[in-house]
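# Descriptive analysis of the structure
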Amino acid sequence: MDLHSASTIVLHVLTQATSQDTSVLKPAEEQLKQWETQPGFYSVLLNIFTNHTLDINVRWLAVLYFKNGIDRYWRRVAPHALSEEEKATLRAGLITNFNEPVNQLASGIYSFACSLWNHHMDTFLQHISTGDEAAILNSLERTLLSLKVLRKLTVHGFVEPHKNMEVMGFLHGIFERLKQFLECSRSIGTDNVCRDRLEKTIILFTKVLLDFLDQHPFSFTPLIQRSLEFAVSYVFTEMGEGITFERFIVQCMNLIKMIVKNYAYKPSKNVEDSSPETLEAHKIKMSFFTYPTLTEICRRLVTHYFLLTEEELTMWEEDPEGFTVEETGGDSWKYSLRPCTEVLFIDIFHEYNQTLTPILLEMVQTLQGPTSVENTSGILIKDAVYNAVGLAAYELFDSVDFDQWFKNQLLPELRVTHDRYKPLRRRVIWLIGQWVSVKFKSDLRPMLYEAICSLLQDQDLVVRIETATTLKLTVDDFEFRTDQFLPYLETMFMLLFQLLQQVTECDTKMHVLHVLSCVIERVNMQIRPYVGCLVQYLPLLWKQSEEHNMLRCAILTTLIHLVQGLGADSKNLYPFLLPIIQLSTDVSQPPHVYLLEDGLELWLVTLENSPCLTPELLRIFQNMSPLLELSSENLRTCFKIINGYIFLSSTEFLQTYAVGLCQSFCELLEEITTEGQVQVLKVVENVLKVNPTVGPQMFQPVLPGVFRGIIDGERYPVVMSAYLGIMGRVLLQNTSFFSSLLNQMAHKYNQEMDQLLGNMIEMWVDRMDSITQPERRKLSALALLSLLPSDNGVIQDKFCGIINISVEGLHDVMTEDPETGTYRDCMLMSHFEEPKVTEDEEPPTEQDKRKKMLALKDPVHTVSLQQFVYEKLKAQQELLGEQSFQALMETVDTEIVNQLQEFLQGF
């Protein structure tokens, strides 16, 4: 039966079969009965009932005929059995039809899928007894396919699956089927295709349970008890011996973990605030996790699953770096046995710490004192128990006197240098790393640093790598003190550098680089005497890592901290440093996808610490225009870099790049967010601050938009503040340019210049509250006062507002000398002082110094607002005469005049 030509005919007959007219109905039913054994008929039915645009009654009838026919003709031995080709078509069609909008039609697909699954499983179990490998594999493949369909339907096909008996029946049936399949593993060899398919099917069973628990935690409640019984019996008792395999154990542990941690099963602190569903699930959990059960789980996790295996010990010997990477894998707890057991231990210990703490402490107590190097099993048991104590560090805070344990037990164990003791040396230094930020007395750190120096020279590479990790955790801790660390800095840095050279794997090199970066970051300038060897080695490492972008990211991070530590001396690195920045920030180069963020950060700190602008450093800015076009999350760093160039050498930089930069800014201001606009405007303001003479001409295309924003009363305060900051600079420091801009805007708005100026002053005064930065508030006062003296009627009309802003500014900046009772402007700076830096503070960068020097030329920091107000008012008085000036002053509020007179006492 051809699918396309037959669909129209079958659809017509199905439509007749839904008729209430028996004369139409009967012939249609007869015709459908004749087609039941026709090849291709069920593919046509599938095509019809999966078409959601057709009448529901027609689709429903198609499903019924489909289901009945499958029940009769699916088996190979049935008369008129469906061909294998058509079966494959039907399976594929059903798998893709999970978006059925009509529930009644979907509970029919589910029923069919369940019966199909049961049939194939029963067939598989029958074939197991015969030993027919081809038949076993065939039935396993069908079981796997039907189970994939059921998994999707069960997890995603129902809003309230617990209300559907077939769904819950299927889920409850999984446990018995799992037992049957696990038992069958005894009959199948360990290394063939059938074994592989069997294990995949078993894992798929567990995925159904895990996915259902994840998507429908409350519907899973009736399955909690049975799931826990099943998983615990196979993982933590002898029941699983000989039939379980690693991936299955991992899945069972994940199931236990998800039930233990599930927030849906945790009552609120006020129990009455919890839902009945939550309380029911919690009750089931608590009734299962009894003291004996928890004790057995804890002991088995530690003394069985935490033990280093023969395979792991062999890997340690043959591939130490591979062993280290395997131990510290990121998301591997979901798939790998050791990380999975550790995560399960942490979760169970956290949930039931009052029960489990005494058990773990008892295990520790039995292991006090030294362990003989001949006692290999004793060493491995102690390693496992110490692992547990490290993982549970936060839970054991009040139960372990770690400082005493460190001095009396752990330090002596670190001093045992025998090769057989290396698992404990490695475990003890790891354990200290887990506790150092939890509970570790600061006074003991020098003893730890001595131990770290010793262990970084250990014969075993794994011990050295673990020691480096603990060093990173130690210097990262908030109780780290540089003075305690400095006596050991040179030794540690050289030993870490030797380790970096020795290791060969990218992951390990990255790890050691991160440790070095962390040390450099914490000691800052103190690192300068010791970095020569690293500076010489990094270019070689960069070249070797061409195919390893993540390692290059680690090198970039190291260079960031190195530049910060070296300060102005980082200029010596430019032959190596600048090409790296060039490559990392060039969006036309493929590696930028990985390197851009760190590359931009390195570019920024290089500028901040640069003593002067070199041609090569200037040339890198060619990369900036495409970066601004990206408008990515790195835009803020890009603006910081632009500011860095402005502060470093504004004249040379702007001569080269101002035109292109101004064009980019005009485009950006049209399309970026409010925060982005503020960043652009801040750059323009810095240009005007650094170069008030030619800056306005260079960025002239941006300024009309700023003027218009002020006149129109920009609604975002942060943007308005930036607008007023820019206009304040122009008005105060470049009067002639302000006049030309005002003239330009008057033509554009078709208004008189005086009228436009009055509107601007009025809006400035009205929106002064938008400005929160004291520097900008003082700038506004200075800028508006610079319009005086004037006989211009518009300016005199706004005189009251100008005085109000001036008095506000005086309140902002004037501080009273308690001894003399006089006021002074607190923003005034007379000379540059090197700030005194404590050991916990970062020293000022070259850019910080440049900003300080710039401030010494800035009117905000060189002009006394008090003096400026006095001089401008005196000049206005002289211009108008006493009588007219007094009339002008009478337009100002009496209270404001009184405050002004108080500030101007002594003049």
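Look up a bit, the structure's there.
Here we summarise the structure given alongside this text. Fair warning: this is a prediction, and the values are worked out from it, not measured in the lab.

Thresholds applied
- Residues numbered from 1 in each chain as written.
- Predicted model: local features only at pLDDT ≥ 70, side-chain atom pairs only at ≥ 80, totals over all residues.
- Heavy atoms only, no water.
- Core = buried A, V, L, I, M, F, W, Y, C linked by side-chain atoms within 4.5 Å.
- Buried < 20%, exposed > 50% of the residue type's maximum accessible area, 1.4 Å probe, protein only.
- Helix = DSSP H or I, 4+ residues; strand = E, 2+ residues; numbered from the N terminus.
- Contact = heavy atoms within 4.5 Å.
- Axes fitted to C-alpha atoms, helices over the stretch in contact; angles between N-to-C directions.
- Parallel < 35°, antiparallel > 145°, perpendicular 65-115°, else oblique.
- Left-handed = near helix turned anticlockwise from the far one by under 90°.
- Nonpolar A, V, L, I, M, F, W, Y, C, P; charged D, E, K, R; others polar.
- Polar contact = N/O pair within 3.5 Å; in protein donor to acceptor, adjacent residues only side chain to side chain.
- 1 Å grid on protein atoms, 1.4 Å probe; cavity = no way out; pocket = protein on both sides within 12 Å on 5 of 7 lines; lining within 4 Å.
- Points joined across faces, edges and corners; volume = space filled by probe spheres on them.
- Patch = residues over 30% accessible without salt bridge, like charges linked within 9 Å, V, L, I, M, F, W, Y side chains within 5 Å.
- Areas by Shrake-Rupley, 256 points an atom, 1.4 Å probe, with all protein chains shown as cover.
- Salt bridge = Lys/Arg side-chain N within 4 Å of Asp/Glu carboxyl O.
- Lys, Arg positive; Asp, Glu negative; His and termini not counted.
- Charge placed at Lys NZ, Arg CZ, Asp CG, Glu CD.
- Disulfide = S-S within 2.5 Å.
- Expected span 1.5 Å × (residues − 1).
- Phe/Tyr/Trp six-rings, centres within 6.5 Å; stacked < 30°, edge-to-face > 60°.
- Lys NZ or Arg CZ within 6 Å of the ring centre and 35° of its normal.

### A short note on the nonpolar core
Ranked by internal contacts, the top residues of the largest apolar core, which has 307 residues, are Phe-345, Trp-603, Ile-642 and Phe-665. No other element matches the 16 residues that helix H31 (residues 635–671) contributes to this core. In contact with Ile-642, not counting residues within four places along its chain, are Phe-621, Met-624, Leu-628, Phe-653, Leu-661, Phe-665 and Val-683. Ranked by size, the runner-up nonpolar core spans five residues in total, among them Leu-308, Trp-316, Phe-323 and Val-462.

### Some points on the packing of helix H25 (residues 532–544) against helix H26 (residues 549–566)
One way to put it is that H25 packs onto H26 with a least axis distance of 10 Å and a crossing angle of 155°. Comparing their axes, H26 and H25 come out roughly antiparallel. In terms of crossing hand, the pair formed by H25 and H26 is left-handed. Residues Leu-534, Val-535, Leu-538, Leu-541, Trp-542 and Lys-543 of H25 form the contact with H26, whose participating residues are Leu-551, Arg-552, Ile-555, Leu-556, Thr-558, Leu-559 and Leu-562. Its residues assigned to classes, the contact of H25 with H26 comprises 10 nonpolar, one polar and two charged.

### Section: the side chain of Ser-806
Within the fold, Ser-806 resides in helix H40 (residues 799–813). Classification of Ser-806 as buried rests on a relative accessible area of 1%. Looking at Ser-806, its side chain comes within polar contact range of the main-chain oxygen of Ile-802, at 2.8 Å. Excluding residues within four positions of it along the chain, Ser-806 makes contact with Ala-781, Leu-785, Leu-865 and Val-869.

### Overview of the layout of surface pockets
In this structure, the largest pocket occupies an estimated 870 Å³ of space. Taken together, 36 residues form the lining of the largest pocket, with Phe-647, Lys-682, Asn-686, Lys-689 and Lys-851 sitting closest to its centre. At the level of elements, helix H28 (592–608), H31, helix H32 (674–690), helix H35 (717–733), helix H38 (774–785), helix H41 (846–855) and helix H42 (859–862) are the ones that each hand at least two residues to the lining of the largest pocket. Per-element accounting of the lining of the largest pocket gives the leading share, seven residues, to H31. Along the lines of polarity and charge, the residues of the lining of the largest pocket split into 11 nonpolar, 11 polar and 14 charged.

### Things to note about the side chain of Asn-691
Along the polypeptide, Asn-691 turns up in the loop between H32 and helix H33 (695–698). Overall, Asn-691 belongs to the buried group, its relative accessible area being 12%. Ignoring sequence-local partners within four residues, the contact set of Asn-691 consists of Ser-650, Thr-651 and Pro-696.

### Observations concerning H41
The periodicity of an α-helix, 3.6 residues per turn, causes residues three or four positions apart to be oriented the same way. Listed as buried for H41 are Glu-846, Gln-847, Arg-850, Leu-854 and Ala-855. In the core, the buried residues of H41 are packed alongside H28, H31, H32 and H42.

### Some points on the environment of Ile-560
Tracing the backbone shows Ile-560 in helix H26. Taking C-alpha positions, Ile-560 is 9.0 Å from Leu-604, a pair spaced 44 residues apart along the chain. Look past the residues within four positions of Ile-560 in its chain and what remains in contact with it is Asp-598, Glu-601, Leu-602 and Val-605.

### Comments concerning a negative patch on the surface
Together, Glu-318, Asp-319, Glu-505 and Asp-507 make up a negatively charged patch on the protein surface. Take Glu-318: it is sitting in helix H14 (residues 310–318). With relative accessibility at 66%, the residue Glu-318 sits in the exposed group.

### Here's the deal with empty space enclosed by the protein
As enumerated under the stated definition, the model contains four cavities of 30 Å³ or more in all. Put simply, the largest cavity is a space of about 120 Å³. Lining the largest cavity are 12 residues, with Arg-91, Leu-94, Leu-116, Ser-146 and Val-149 positioned closest to its centre. Broken down by secondary-structure element, the contributors of at least two residues to the lining of the largest cavity are helix H5 (84–95), helix H6 (103–130) and helix H7 (133–156).

### Considering the state of the cysteines
One pass over the full model with this rule turns up zero disulfides. Counting only cysteine sulfurs, Cys-194 is the nearest neighbor of Cys-184, a cysteine outside any disulfide, at a range of 11 Å. For Cys-184, a relative accessible area of 8% gives the class buried. Unpaired in this structure, Cys-340 has its nearest cysteine sulfur neighbour in Cys-252, at a distance of 9.7 Å.

### Structural notes on H38
Taking 1.5 Å as the rise per residue, H38 with 12 residues should run 16 Å; its terminal C-alpha atoms sit 17 Å apart, in good agreement. Across the 12 residues that make up H38, a large majority, 10, are buried. When H38 is considered as a whole, its buried residues turn out to be Arg-776, Arg-777, Lys-778, Leu-779, Ser-780, Ala-781, Leu-782, Ala-783, Leu-784 and Leu-785.

### Considerations on the packing of aromatic side chains
Applying the stated criterion across every chain, the model contains 41 aromatic pairs. Judged by centre distance (6.2 Å) and plane angle (65°), the rings of Trp-117 and Phe-205 are edge-to-face. Separated by 88 residues along the polypeptide, Trp-117 in helix H6 and Phe-205 in helix H9 (residues 193–215) bring together distant segments of the chain. Of the two residues, Trp-117 and Phe-205, both sit in the buried class. The interplanar angle of 40° and the centroid separation of 5.8 Å between the aromatic rings of Phe-653 and Tyr-657 together place this pair among those described as tilted. With Phe-653 and Tyr-657 both in helix H31, this residue pair falls four residues apart, about one helical turn. Put simply, the rings of Tyr-110, Trp-117, Phe-124, Phe-158, Phe-170, Phe-181 and Phe-205 pair up and form one aromatic cluster. Sitting over the ring of Trp-117, Arg-177 keeps its end group 5.9 Å from the ring centre. The ring of Trp-542 has Arg-552 lying over it, and the distance from NZ or CZ to the ring centre is 4.1 Å.

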